[in-house]
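Here's the letter readout for the chains.
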Amino acid sequence: MIVEFFYEYGLFAAKFVTVVGLVIAGIGFLISLSGARNTKDSGTLSVENINDKLEDLKLDMESEILSKEEFKVLLKNRKKQDKLEAKQSKQRAKRGDTEPAKPRMFIIRFEGDMHASEVENLRESITAILTVAQDNDEVLVLVESAGGIVHNYGLAASQLVRIKQHNIKLTIAVDLIAASGGYMMACVADQIIAAPFALLGSVGVLAEVPNFNRLLKRFDVDIEHHTAGEYKSTLTMLGKNTSKAREKFQDELEEIHVLFKKFVAENRPQLDIAKISTGEAWYGTQALELKLIDTIQTSDDYIIDKSANSDIFEISFEVTEGLKDKLVALLYKSSSVALEKLWYKFGHKFNFAK
């Protein structure tokens, strides 16, 4: 049975390696053909006027709930008001009067995954805003993230710090979740608002490492694990883990946790850092009591409130992937599908309970 299994496995593995090899070779050839045309990614900056959007929504509602005569009168009055405001603006310009600049609010959306993949869009959007932002302006970042890799979210938080370094007010709005790395980003803000049932906190560090050493031993597979430097590697997925390696790995997690707590405490000194750094997360109303946030409010209401006295623009930057990135993504997807087939074909033959 074991011999038959390895025979079948060998045939499938050979096919798999052949197909993946051909895919890699083909993609490598296409990348070489693309040459310098893909040395640098480009992107598209989009700016949407939120005041106009809200005004259009209001007009649509009025057209539905008012009678035809009432709606005609409303439009007529608005046209008169627009003409009057335009005339007054021209008169001020002729007199040389300077009208006070209306404050602006710039909105950025950040939907974070494990790798904080949107950090490139975030940094470009912030750079664009900082080229025009003034002291009386504000940046609102809508954060939605359960966290992820430490250094990736550290970079995302550092991008938000740039806004404050330019003396621009920074507000973070959390409608769903800003936990772990997501809260690392949120705590940078001058103020944090959150919906009543938004989830916040999780100031802790998590790591899981599967180990297949015993499984490999069942099939007499040896793993040689070589390093130069005592702590170049701690826990391993294939080799046998030692108590010393586990202790070092835990020490590294504790060090990251200390840095995380320090970062949060520096940005929100009003917090009882010992109380909120247990790795727990809290809902909006609880988070308010713990001072993880400043106000209970949805981002929608905050934007509507601000629209009365501010010009509001939503900013987004979409990175355009080059041919190289698209081909690498294709290779990743193809490899994942092949590995999935490998698992479904042979995985059921392993009895992990023994």
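Residues numbered from 1 in each chain as written. Predicted model: local features only at pLDDT ≥ 70, side-chain atom pairs only at ≥ 80, totals over all residues. Heavy atoms only, no water.

1. Comments concerning the side chain of Glu138
Part 1: Within the fold, Glu138 resides in strand β3 (residues 138–144).
Part 2: Overall, the relative accessible area of 5% leaves Glu138 in the buried class.
Part 3: Other than its neighbours up to four places away in sequence, Glu138 contacts Arg104, Met105, Phe106, Ile168, Lys169, Thr171, Gln191, Tyr302 and Lys306. (Helix = DSSP H or I, 4+ residues; strand = E, 2+ residues; numbered from the N terminus. Buried < 20%, exposed > 50% of the residue type's maximum accessible area, 1.4 Å probe, protein only. Contact = heavy atoms within 4.5 Å.)

2. Focus on the sheet that holds strand β5 (residues 177–179)
Part 1: Taken in spatial order, the three strands of this open sheet run β5-β7-β8, and their pairing is mixed. Pairing within the sheet leaves two strands with one partner each, and these edge strands are β5 and β8 (281–283). Each strand of the sheet is rotated relative to its neighbour by a mean of 30°, with strand direction disregarded.
Part 2: Inspection of the sheet shows β5 paired to strand β7 (residues 199–201) by three bridges, in the parallel sense. (Pairing = 2+ DSSP bridges. Axes fitted to C-alpha atoms, helices over the stretch in contact; angles between N-to-C directions.)

3. Things to note about the packing of aromatic side chains
Part 1: Inspection of every chain in the model, using the stated rule, returns three aromatic pairs.
Part 2: An angle of 25° between the planes, with centres 6.2 Å apart, marks the rings of Phe106 and Phe313 as stacked. Of this pair, Phe106 sits in strand β2 (residues 104–111) while Phe313 sits in strand β10 (residues 311–320), placing them 207 residues apart in sequence.
Part 3: Here Phe110 and Tyr153 contribute two aromatic rings whose centre-to-centre distance is 6.4 Å and whose plane-to-plane angle is 80°, an arrangement assigned as edge-to-face. Within this pair, whereas Phe110 is found in strand β2, its partner Tyr153 is found in helix α5 (residues 150–165), the two being separated by 43 residues in sequence.
Part 4: Judged by relative accessible area, Phe110 falls into the buried class, the value being 0%.
Part 5: Looking at Tyr153, the relative accessible area reads 1%, which means it is buried.
Part 6: Between Lys248 and the ring centre of Tyr231, over which it is positioned, the NZ or CZ distance is 4.6 Å. (Phe/Tyr/Trp six-rings, centres within 6.5 Å; stacked < 30°, edge-to-face > 60°. Lys NZ or Arg CZ within 6 Å of the ring centre and 35° of its normal.)

4. Focus: the packing of helix α2 (residues 50–65) against helix α3 (residues 68–95)
Part 1: Running from N to C, α2 and α3 point in directions that differ by 150°, and their axes come no closer than 10 Å. The angle between α2 and α3 falls in the class roughly antiparallel. Considering the relative orientation of α2 and α3, their crossing is right-handed. Facing α2, whose interface residues are Glu55, Lys58, Leu59, Glu62 and Ser63, α3 presents Phe71, Leu74, Leu75 and Arg78.
Part 2: Split by residue class, the contact of α2 with α3 holds four nonpolar, one polar and four charged. (Parallel < 35°, antiparallel > 145°, perpendicular 65-115°, else oblique. Left-handed = near helix turned anticlockwise from the far one by under 90°. Nonpolar A, V, L, I, M, F, W, Y, C, P; charged D, E, K, R; others polar.)

As far as function goes, none of this settles anything; it's purely spatial.
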